[in-house]
Structure formats: C-alpha cells, structure tokens
Amino acid sequence: MSSTPESKGKGRPAPEKGGSAGAAASPAKGGSGASRGSGRPAPAPAPTPSPTGFKSGFACFVGRPNAGKSTLTNALVGQKIVITSSKPQTTRHAVRGIVHRADAQLILVDTPGLHKPRTLLGQRLNDLVKSTWAEVDVIGICLPASDKIGPGDRFLVAEAAKVAKTPKVALATKADLVEPERMIEHLSEIQALGESAGIEWAAIIPVSATSGFQVDLVADELVQLLPDGFPLYPDGDITDEPEETLVAELIREAALEGVRDELPHSIAVTIDEMGLREDRPEDKPLLDIYANIFLERDSQKGIVIGHKGARLREVGAEARRQIEALLGTPVYLDLHVKIAKNWQTDAKHLRKLGF
Ligand SMILES: Nc1nc2c(ncn2[C@@H]2O[C@H](COP(=O)(O)OP(=O)(O)OP(=O)(O)O)[C@@H](O)[C@H]2O)c(=O)[nH]1
C-alpha cells in the first residue's frame, strides 16, 4: 500500500454544509444520500398549480463516450460538478446538475456513454442509461460535429427512438472544432439520422460547451420542453450528489490525467473518511479526506504512484486544488493506492466500489 498526504492551510471560509455543492434535501433521493448510480429522477411534484409560467423537470444527455455530455452539463450549470476527460467512458455515475432560472428549474442527469458492453461494469452502465431515459422529460442526444456519425450513434439513436413519447433534441456538440461547411453537412446528417430512426427532433442545435457558443439556447430549448411545475430543489443548489461522491470523482479525474490504454478503466476511487478536523480555530478550518485509489493489477501500481511516489503526489496536489475550489475550504488529502483484482468483472468488488 502506498500513500501520500496532501495538505495546505490557506485561510478560506469553511464549507457551507448543504450549500451550493452539497447534498440537497431533495425529493429525488429519498434522503439517503447514497446515490451512487441511482440516476432516477424525482417523483412528479405535488399536483398543485405551478407559479404562472414556471417550468421544472429533468433532461438527460445521451451520446457515445466522449461526445461532450459532461462538459455541456458543467457549462449549463456554470460550475464543474461532473468530471471530464479525453478518455472515453469517464462518467460512471448519473449526476444531476441543476440550472436555476427565473422562469424554470432544469435538472440535468448526466449518464455514462452508451456502448457495446464488454464487461459486467459495461452492462450495468448501459442498464443505468436506459432506465434514466425512460424517466426524464426531455432527452438531449449529443452528436459531436468533429466526428462522422457512426454505428455507435446509430445504435443509440435507435435505442432512444424506443422511448417514443419523450421529446428529443439533437445537439451538434464541439461546434468550435469544425468549419461552417462541415457543420451544415453534420446537421443534415442528423436530420437524416432522425428520419431513419423515426425520431422527429424537437430541435437540432449546434453548441460548443468549451467556448459557450449557444449554451444558453440549449437551456432555452430544453426548458421549453419541460412541464409546468414548482422548483424541485432549493435555490442555489447545483447538484444533489453527496460531497463524498464529488470528491471521489475529482480524485479519479486527477488520477486519469496522463494514463493510457486500459488503465483509465481500471481506476476507481472510494472515500474512507471525510470530515472537518476538530480543535481548529473557526477561521482556519481543515477538511480531512482519506481516500483509496483502486487498481486492478499490481503492475498498474507503478504507473499511478510513479518514481518515489512523484506521480501520486501530483495527483494528490491536483485533486486537492479541485476539491478546495469546489468546497471552499483547505483540505488535507491522504491517498492510498490499493488493488481490487479485476474489479470490473467481479460482482463482489463492483458492489464494494459502489456500482
Ligand atoms: N473543443 C471542444 N472540446 C470539447 C467540447 N465538449 C467536450 N469537449 C472535450 O471532449 C472530451 C470529452 O468530453 P466529456 O464531456 O468528458 O464527454 P462525455 O460525453 O461526458 O464522455 P463520457 O464520460 O466518456 O461519456 C473532453 O476532452 C472535453 O474537453 C467542446 O464543446 N469543444
């Protein structure tokens, strides 16, 4: 077992418990906070009349791995609540981001990319995606403009077509990466794709989550398709993921940086303990976090830990920076690297790791 402690003591304000990044007292979770992989939207709001013109409901983004779903969720919410990476299949949890507007509350469910399953984990992720589609008010299908529409896209559009009643918006993501001519071609391919699958798109929108191009328009279109209703979450909450899950994801994101091949899929992170250290002055809080990075094989340890622990220290420093930015409090982070042999195909390990 290897570990690296990470700490820093800048005088930032204490985290606001249940505040902007914290667990909301929402109808969606049954109050347990144990939300790993649930992805189920909240029950319908009480049948009282909504404030005039106010809309609230759920949207989810689907798309093949790497299509830009997580980045778009973060852009719409205006803060990083979902980790992103250039490695496909980064997203493993159905995370909700909440967009607050004067006229609406839009709750975004971020699902893993749909793909042909090769492992037990892959199968469970696909099941999670489909159960989410059936319960949202609108589905946004992400089709990156930088890539040709391929068999993977056709597969998931055909699957989405089976959820016949739910309106579907096509999002031509990564618009910043292509010239206008390519975008025009892409939009007509999307139109044809919808027709061949029997989908009538409610809208087709080019968008760039990284440049911000038409992100507001995506919000407008999704909101239009929501039912009338009251806000489902308190003002200011941007996600109902428990803090521990967000922290574990930020550590996983840092650990994913710079690793290649099959290793990204082998990394899982769990939190053993997380809490404010006692006996600290009120203006100098410190959040202790004890976390594990699980790998599948001993041979992977060296890559993650690096020479004399150098890479693990970098991972710890980057994760700590992100966690401090999210929670607004100095953090002491203790990372341990452990092996859970072949956890992706082992039902017992999968349960232990929260899948
Ligand atoms: N240039 C550009 N890159 C983008 C845009 N949106 C996402 N990306 C990049 O594309 C990669 C994948 O983005 P994600 O948001 O993680 O994709 P995802 O669909 O959530 O991926 P999975 O978690 O694998 O399902 C990352 O490297 C992003 O930075 C965009 O609008 N423009």
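Looking at an unreviewed UniProt entry, one finds the chain named GTPase Era, with Kribbella yunnanensis as its source organism. The annotation that UniProt attaches to the chain under Sequence similarities (unreviewed entry) is "Belongs to the TRAFAC class TrmE-Era-EngA-EngB-Septin-like GTPase superfamily. Era GTPase family." Per UniProt, the comment on the chain under Function (unreviewed entry) is "An essential GTPase that binds both GDP and GTP, with rapid nucleotide exchange. Plays a role in 16S rRNA processing and 30S ribosomal subunit biogenesis and possibly also in cell cycle regulation and energy metabolism."

*Asks:* Quick question: what am I supposed to make of the confidence of the model for the chain here?
*Replies:* When pLDDT is averaged across the chain, the result is 79; 77% of the residues are at 70 or more. Contacts from residues 1-47, a stretch scored under 50 in pLDDT, to residues over four places away or in other chains number 104 contacts. Here the predicted complex scores 0.64 on pTM and 0.97 on ipTM.

*Asks:* Is there a simple way to think about the environment of Leu225 in this case?
*Replies:* Within the fold, Leu225 resides in the loop between α5 (215-224) and α6 (243-256). Placed 59 residues apart in sequence, Leu225 and Thr166 show a C-alpha to C-alpha distance of 9.5 Å. Once residues within four sequence positions are removed from consideration, Leu225 is found in contact with Asp137, Val138, Pro167 and Ala202.

*Asks:* Mind showing me how you'd approach the nonpolar core here?
*Replies:* One broad rule of soluble globular proteins: the nonpolar side chains tend to lie buried together. Counting residues in hydrophobic clusters, the biggest one holds 48 residues, and the most contacted among them are Cys60, Val62, Ile141, Leu171 and Ala172. If you list the elements that add at least two residues to this core, you get β2 (55-62), α1 (69-77), β4 (104-110), α2 (120-133), β5 (138-142), α3 (151-161), β6 (168-172) and α5. Ignoring any residue separated from it by four or fewer positions in sequence, one finds Leu171 in contact with Gly140, Ile141, Cys142, Leu143, Ile205, Val207 and Val218. Val247, Ile293, Val304 and Ala319 belong to the second largest nonpolar core, which has 30 residues in total.

*Asks:* Help me out: how do you make sense of α5 in this one?
*Replies:* Each full turn of the α-helix corresponds to 3.6 residues, which orients residues three or four apart in the same direction. Burial in α5 covers these residues: Val218, Glu221 and Leu222. Here the buried residues of α5 occupy an arc of 95° about the axis, which is enough to place them on one side.

*Asks:* What is the right way to look at α6 in this model?
*Replies:* Under the 1.5 Å per step criterion, the end-to-end length of α6 is 20 Å for 14 residues, consistent within 8% with the ideal 20 Å. The element α6 is largely enclosed, with a buried count of twelve among its 14 residues. Residues of α6 that are buried: Glu243, Thr245, Leu246, Val247, Ala248, Glu249, Leu250, Ile251, Arg252, Glu253, Ala254 and Ala255. For α6, the elements touching its buried residues are β8 (268-276), β9 (287-295), α8 (301-305) and α9 (310-327). Following α6 by one or two positions, Gly258 adopts a phi angle in the positive range, close to 80°.

Conventions used here
- Residues numbered from 1 in each chain as written.
- Predicted model: local features only at pLDDT ≥ 70, side-chain atom pairs only at ≥ 80, totals over all residues.
- UniProt positions renumbered as here; feature names shortened; annotations may be inferred.
- pLDDT = per-residue confidence, 0-100.
- Contact = placed C-beta atoms within 7 Å.
- Helix = DSSP H or I, 4+ residues; strand = E, 2+ residues; numbered from the N terminus.
- Core = buried A, V, L, I, M, F, W, Y, C linked by C-beta atoms within 7 Å.
- Buried ≥ 20, exposed ≤ 12 C-beta atoms within 10 Å, placed from the backbone.
- Arc of directions from axis to C-beta.
- Expected span 1.5 Å × (residues − 1).

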